[in-house]
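One letter stands for each residue in the lines below.
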Amino acid sequence: MKKTIIILAVFFGIILLLLGTFSTLSLLSPIRAIRALNHEYSGSTVSDAGTEQDYHLERKAAFLKARAEMAESDSVCLVIDLTDSLVMLELQGVMLLRSRIAKIESSNIFKRFNKNTYLEYFSRSFEIDTDYSIFPKEAFIIKQAPKDTTETAPPVAKPDTLNKEAVCFNLYLDRNLMIDIRQIDTLKNKQYLEYHKFLRKERIGKQIESLLRFSVPEYQPWIRIEIPAVDVKSIYKAMPNHGQVAVKL
Amino acid sequence: MAEKGKFREKYNTSKEFRATVNVVSGTVVLLLTLMIVYSFMLHVLPAAMESGANLIPASFSDKDDINPKDSAGSDVKNDIDKKIADLQKKLDKQLPKTPFLVVNTTQNKFYLYSGKKLLREGMCSTGSYTLLVKSDEKKGNEQKWIFKTPKGIFRIREKKTAPVWKKPDWAFVEEGLPIPSPNHPSRFEYGTLGDYALSLGDGYMIHGTLYQRFLGMPVTHGCIRLGDADLEAVYKTLSSGAKVYIY
């Protein structure tokens, strides 16, 4: 009996020690990320804005600079303005779609950026590395041509089933930023849970891999916004595969 | 002797029972531990990651803390103001000088603009995302047509009143009819496209429709269909060469 208790105590001791180590490494993750980012952009050429007002104007300028850069391309670009709670699609500077953001959530890390880091990080547009979506970008209906007029079907239009679907997508951008765009009050149906499980598996898999090597896992800054479902679909379907994104916090 | 056998049997049973209990309890403890570790990884570690950021003091305050008087008249402010004005000017320069049309193929909506001013908006119909397949068993080949509205920036190439639709091959294939010669009279249909048509090139047009009830739905073969009044407004507002943004 005594032996069993000792074995259990040692076992749980090891487990607790591991969990404690993992927690510490996880806590260190954003700290290291902030330090790395602040270090990477500390030698920037951006002028050190004097007052808070100057700094906010600099942020506005950085955002406009990113948009002006994107306007030179021939592709549809995504503009996320969290200050004014707006998401826009732009093509060569022309606003195609404008949607009001109902809810914003983001990493705490952004508030820890120093001024130059912020200005440098957001003054260039981001490029989409990969994206995941709960719905397809283009879904084709395959129709076999009728052999003769007796087989011809009259024109039919199916009603939009948008309201019954969970609508969200995730953009993984360069400079390690993740953007999660979803419908207001996301429908948490089976489809959504499976999608969420898939993303979580991807993320946690990487974290566990690092932790098992006893190294600090990589921290990914993120932004989550909620907009009407029709706009979520419009944005995802309009964005090219490696499209550009400008963000203002 | 018999009592001794009974004792041994009882002792053995109790030993086996204890072993079974040990195995079961061991498994339960292991499973519980795994569950705890799993939920820890799932919930505690991500939370710890987010909390880690709070350990560093915030670098800048929120916009509410700004006092506009802080930088009134400063050189830095003037420089940044000029930079902002220049960038805004650069962006505004991109806006077409003449009225233009924006088409959202996901929502099947159109927006008619003059500069930043919205002149008109409404429902339209765009490509149905249908892949029409015609299999020829005798020849052993297959022909395919994709009914999708192209995306990007287009220009109005030609404006027509009372347009006549020259039916392409797929229109016959779709109805199960034999494909006629290129200029066969059965290819020409009057009134189908409405009162006006604006060509975007490659056979794609903005035109009217007989199926007004389908406006707002993706039902076309790639063209953009508008209601009668909207089509007239678009036709009268857009000049040849005007830009059409389709996304």
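About the criteria used
Sequence order as written defines residue numbering, which begins from 1 separately in each chain. Whichever chain is written first becomes A and whichever ligand is written first becomes 1, with later ones labelled in order. Confidence filtering applies because this is a predicted model: local features only for residues at pLDDT of at least 70, side-chain atom pairs given and counted only at 80 or more, and all residues used for totals across whole chains, interfaces and linings. Hydrogens are left out, water is left out, and the side-chain values use all remaining heavy atoms of the structure. Helix axes are fitted only over the stretch in contact, all axes being lines through C-alpha atoms; the angle between N-to-C directions runs from 0 to 180 degrees. Helical segments are the DSSP runs of H or I of at least four residues, strand segments are the runs of E of at least two, and each set is numbered from the N terminus. Small angles under 35 degrees read as roughly parallel and large ones over 145 as roughly antiparallel, with 65 to 115 read as roughly perpendicular and the rest as oblique. Contact between two residues is taken to exist if any of their heavy atoms lie within 4.5 Å; hydrogens are not considered. Here the nonpolar group is Ala, Val, Leu, Ile, Met, Phe, Trp, Tyr, Cys and Pro; Asp, Glu, Lys and Arg are the charged ones; every other residue, Gly included, is treated as polar. Here the rule is simple: two strands pair whenever DSSP picks up at least two bridges between them. Like charges within 9 Å and nonpolar side chains (Val, Leu, Ile, Met, Phe, Trp, Tyr) within 5 Å are joined into patches, using only residues over 30% in relative accessible area that form no salt bridge. The protein chains shown are the only cover counted for residues, whose accessible areas, like all others here, come from Shrake-Rupley with a 1.4 Å probe. Here, a salt bridge means any Lys or Arg side-chain nitrogen found within 4 Å of an Asp or Glu carboxyl oxygen. Whether a residue is buried, partly exposed or exposed follows from its accessible area with a 1.4 Å probe, protein chains only, as a fraction of its type maximum: under 20%, in between, or over 50%, in that order. Only protein atoms enter the 1 Å grid, on which a cavity is a set of points fitting a 1.4 Å probe that cannot get out and a pocket is an open set with protein on both sides within 12 Å along at least 5 of 7 lines, lining residues being those with an atom within 4 Å of a point. Grid points are joined across faces, edges and corners, and a volume is the space filled by probe spheres set on the points. A helix is expected to reach a length of 1.5 Å times the quantity of its residues less one. What the arc measures is the spread of directions leading from the helix axis to the C-beta atoms. In a left-handed crossing the near helix is turned counterclockwise from the far helix by less than a right angle, and in a right-handed crossing that turn is clockwise. Summary of the metric used: pLDDT quantifies the predictor's per-residue confidence within the range 0 to 100.

All names here are of chain A. For the pair helix α1 (residues 2-41) and helix α3 (residues 115-122), the least separation of the axes is 8 Å and the interaxial angle reads 80°. Between α1 and α3, the interaxial angle falls into the category roughly perpendicular. In this structure, α1 contributes L37, N38 and Y41 to the contact, and α3 contributes N116, T117, E120 and Y121. Tallied by class, residues from the contact of α1 with α3 come to 3 nonpolar, 3 polar and 1 charged.

Our focus in this paragraph is the sheet that holds strand β3 (residues 94-100) of chain A. Residue and element names in this part refer to chain A. Taken together, 9 strands build an open sheet; the order of strands is β3-β2-β1-β10-β5-β7-β8-β9-β4 and the sheet is mixed. Edge positions in the open sheet fall to β3 and β4 (103-106), since each of these has one partner strand only. On average, each strand axis in the sheet is inclined to that of its neighbour by 25°, with strand direction left out of account. Relative to strand β10 (residues 244-248), strand β1 (residues 76-81) runs parallel, the two sharing 4 bridges. Across the sheet, I80 pairs through a bridge with V247, a residue of β10. Relative to the sheet, helix α2 (residues 52-70) contacts β1, β2 (86-91) and β10, its axis offset from that of β10 by approximately 170°.

The next thing to look at is a nonpolar patch on the surface. A contiguous nonpolar patch, built from I6, V10, I14, L18 and F214 of chain A and spanning about 460 Å² of accessible area, is present on the exposed surface. Note that V10 of chain A resides in helix α1.

Okay, helix α5 (residues 229-238) of chain A next. Along α5 of chain A, 8 of the 10 residues are buried, which leaves the element largely enclosed by surrounding structure. When α5 of chain A is considered as a whole, its buried residues turn out to be A229, D231, V232, K233, S234, I235, Y236 and A238 of chain A.

We now examine empty space enclosed by the protein. All names here are of chain A. Inspection of every chain in the model, using the stated rule, returns 1 cavity of 30 Å³ or more. Around the largest cavity, the lining residues are R67, M70, A71, C77, E90, Q92 and G93. Looking at the lining of the largest cavity residue by residue, the class counts come to 3 nonpolar, 2 polar and 2 charged.

One turn of an α-helix holds 3.6 residues; hence residues three or four places apart share an orientation. Its 19 residues give helix α2 (residues 75-93) of chain B an end-to-end C-alpha distance of 27 Å, which sits within 8% of 27 Å, the value for a rise of 1.5 Å per residue. When we look at burial in α2 of chain B, the residues that qualify are K77, I80, I84, L87 and L91 of chain B. Buried residues of α2 of chain B, seen end-on, are gathered within an arc of 95° and therefore sit on one face of the element. Of the residues in α2 of chain B, the exposed ones pointing more than 90 degrees away from the buried face are D75, D79, K82, K89 and K93 of chain B. Among the structural elements, α2 of chain A are those in contact with the buried residues of α2 of chain B.

With that out of the way, let us pick up the sheet that holds strand β11 (residues 204-207) of chain B. Residues and elements named next belong to chain B. Strand order in the open sheet formed by 9 strands is β6-β13-β1-β2-β3-β12-β11-β10-β7, and the pairing between neighbours is mixed. Every interior strand has two partners, whereas the edge strands, β6 (152-155) and β7 (158-161), have only one. Going from strand to strand, the sheet's axes swing by 25° on average, the running direction of each strand aside. Pairing of strand β1 (residues 100-104) with strand β13 (residues 243-246), which is carried by 3 bridges, proceeds in the parallel orientation. Bridging across to β13, V102 finds its partner in Y245.

Our next topic: the packing of α2 of chain A against α3 of chain A. All names here are of chain A. Here α2 crosses α3 at 20°, and the two axes come no closer than 8 Å. As far as their axial angle goes, α3 and α2 are roughly parallel. Of the two elements, α2 crosses α3, and the hand of that crossing is right-handed. Of α3, the residues touching α2 (which contributes E52, Y55, E58, R59, A62 and A66) are K115, Y118, L119 and F122.

Here we come to the side chain of T117 of chain A. Residues and elements named next belong to chain A. Along the chain, T117 falls in helix α3. Accessibility expressed as a relative area gives 0% for T117, which makes it buried. In this structure, T117 is in contact with L37, N38 and Y41, ignoring residues within four places of it in sequence.

Residue and element names in this part refer to chain B. Of the residues in chain B, 88% have a pLDDT of 70 or more, and the chain-wide mean is 88. Considering only residues more than four positions removed or in separate chains, one finds that residues 61-69, a stretch of pLDDT under 50, has 11 contacts. Scored by ipTM, the complex comes to 0.85, with pTM at 0.84.

Our focus in this paragraph is the pattern of salt bridges. Residue and element names in this part refer to chain A. According to the stated counting rule, one finds 17 salt bridges over all chains in the structure shown. Its salt-bridge partner being R67, residue E90 comes within 2.6 Å of it at the nearest N-O pair. With a gap of 23 residues between them, E90 in strand β2 and R67 in helix α2 connect regions that are remote in the sequence. A relative accessible area of 14% places R67 in the buried class. Measuring nitrogen to oxygen at the nearest pair gives 3.7 Å for the salt bridge that ties R224 to E105.

Positive phi is not limited to glycine here, since F214 of chain A has a value of about 55°. Even without a glycine there, the phi angle at A162 of chain B is positive, about 45°. Along the chain, A162 of chain B falls in the loop between β7 and β8 (164-166).

Attention now moves to the environment of L212 of chain A. For L212 of chain A, the position within the fold is in helix α4 (residues 190-212). C-alpha of L212 of chain A to C-alpha of F22 of chain A: the two residues are 190 residues apart in sequence and 8.6 Å apart in space.

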